[in-house]
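Listed below are the residues making up each chain.
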Amino acid sequence: MWLVERIHVAIPPRQDCNRPDYRPDQECPILSAPAVSLHDFAIGQLRDLLRAVGLADSAQSATKLLGETLGPGCRLPLSAVPHWTSNVADDHTPVEFSVALAQNERPVVRMIVESLAEQPGPRANLGAALGVLDRLARRRGLNLGQLDRVRDLFLPDDPQGAFAFWYSLIVGPETPPAIKVYLNPDVRGRESATALVGEGLSRLGLSAAIPAISEHGLRREGLDRFSFFALDLTDENQARVKTYVSHDDAAIADVVAAAAAVPDVDPVLLADVCELACGGAGPFSRRPLMSSYTFLSGDTERPSGYSLYIPVRDYVQDDLEACERVLAIMARCGFDPAPFVMALASLVQRPLGDGVGLIAHVSLRLGRPKPGVSVYLSSEAYDVTPSRAKALLV
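Because the structure is a prediction, the values reported are computed rather than measured.

1. As for the sheet that holds strand 10 (residues 372-378)
Alright, step 1. One closed barrel holds the 10 strands; their spatial order is 1-2-3-4-5-6-7-8-9-10, and the pairing between them is antiparallel. Direction aside, neighbouring strands of the sheet carry axes that sit 20° apart on average.
Alright, step 2. When strand 1 (residues 95-102) meets strand 10, the two strands line up antiparallel, connected through seven bridges. By the bridge assignment, alanine 100 is partnered in strand 10 with serine 374.
Alright, step 3. Relative to the sheet, helix 7 (residues 210-217) contacts strand 5 (224-232), strand 6 (241-247) and strand 7 (289-295), its axis offset from that of strand 7 by approximately 160°.
Alright, step 4. This element, helix 11 (residues 338-347), spans strand 1, strand 9 (359-367) and strand 10 of the sheet and lies at about 5° to strand 10.

Structure (structure tokens):
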């Protein structure tokens, strides 16, 4: 396939300018100087990505927003060892990019970001993130009404779990970047997650929808669990509320059942995309598949939208295979693959067959508000995960 060949070129292997054996006479194609910060590295990647998908006009506002949300801890030099073991990405880079496609619309670039404090830690990072939020709210007039209703639930003084607060930054054409926040249902311990999400939905006027989510998304006791709770920081008439459910050891039939909570979902398309991404019908025992339920203004008993997030990197040998699977999904869904190809080409710094995880997830959005496909791309600022074929040889 010519699209794969376009990316699968003999790109020189990345050189880590911070390694002790690095010599100044070596060309470093990735970092301009050994003291480059993660902040500057990620901003450079975002600028290239926006240019690649036709959003260069948004680069100034988007890079400024990314730089601010990364927090002061990301201004430390980009060393061989992460300063904080962020769970945003496999190599602990606290930012992940994605490209979202919808029919008859221009691509949208999104970022998941964890703010890092100067001395990173659970409390310190939450404090850094909330400091950023206060500044953004004053400057941009963010609507924090929904967040304020659940703040005491999800933002305790002593947060537990893998994270407490992540940002999602959404960059589209001709509008300022939008902001969403991710909260952690495990923040008071995994045993409290279901009750915490239930209370959060109730406070947001969605208590009548809890039975539908439980019936379809939480069918398998001990295997289905809440993993994220997300809110748009915009006008409440337009803001979405999203709940995410992870499905351990799920088969395609399990996610089709989970999606049945939402009207107007095409179960055949959902099953086809899942099989194309994972190479079979399951059960999938590596990283879990994940459902998300989208509530729009006016929703009461059922969500309006459903998305399936597939950790494609866990079910392929390398990124070359992942790329081929994403292209097959694009064809099945009737999307022009060019924006994905250009986005991948803007970030790739190695042959695709040399590692796995640059293409981290692929998601299918069904129902309202905008059906489509998103592909999640790792920064790989710190490390590249070897391909599975190479790992077996070590």
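2. Some details on the pairing of strand 6
Alright, step 1. Counting buried residues along strand 6, seven of its seven residues qualify, which places the element largely inside the surrounding structure.
Alright, step 2. Side-chain alternation along strand 6 places Val241, Thr243, Val245 and His247 on one buried face and Lys242, Tyr244 and Ser246 on a second face that is also buried.
Alright, step 3. Sheet analysis places strand 5 next to strand 6, joined by seven bridges and oriented antiparallel. Among the inter-strand pairings, phenylalanine 226 is bridged to a residue of strand 6, identified as valine 245.
Alright, step 4. Looking at chain direction, strand 6 and strand 7 are connected through seven bridges and run antiparallel. By the bridge assignment, valine 241 is partnered in strand 7 with phenylalanine 295.

3. Some words on the pattern of salt bridges
Alright, step 1. The full count for this structure, using the stated rule, is 20 salt bridges.
Alright, step 2. Residue arginine 220 is joined to aspartate 224 by a salt bridge in which the shortest nitrogen-to-oxygen separation is 2.8 Å. Both residues of the pair, arginine 220 and aspartate 224, belong to the buried class.
Alright, step 3. Arginine 220 is paired through a salt bridge with aspartate 254; the nearest N and O atoms lie 3.8 Å apart.

Procedures and definitions
Residues numbered from 1 in each chain as written. Predicted model: local features only at pLDDT ≥ 70, side-chain atom pairs only at ≥ 80, totals over all residues. Heavy atoms only, no water. Pairing = 2+ DSSP bridges. Helix = DSSP H or I, 4+ residues; strand = E, 2+ residues; numbered from the N terminus. Axes fitted to C-alpha atoms, helices over the stretch in contact; angles between N-to-C directions. Contact = heavy atoms within 4.5 Å. Buried < 20%, exposed > 50% of the residue type's maximum accessible area, 1.4 Å probe, protein only. Salt bridge = Lys/Arg side-chain N within 4 Å of Asp/Glu carboxyl O.

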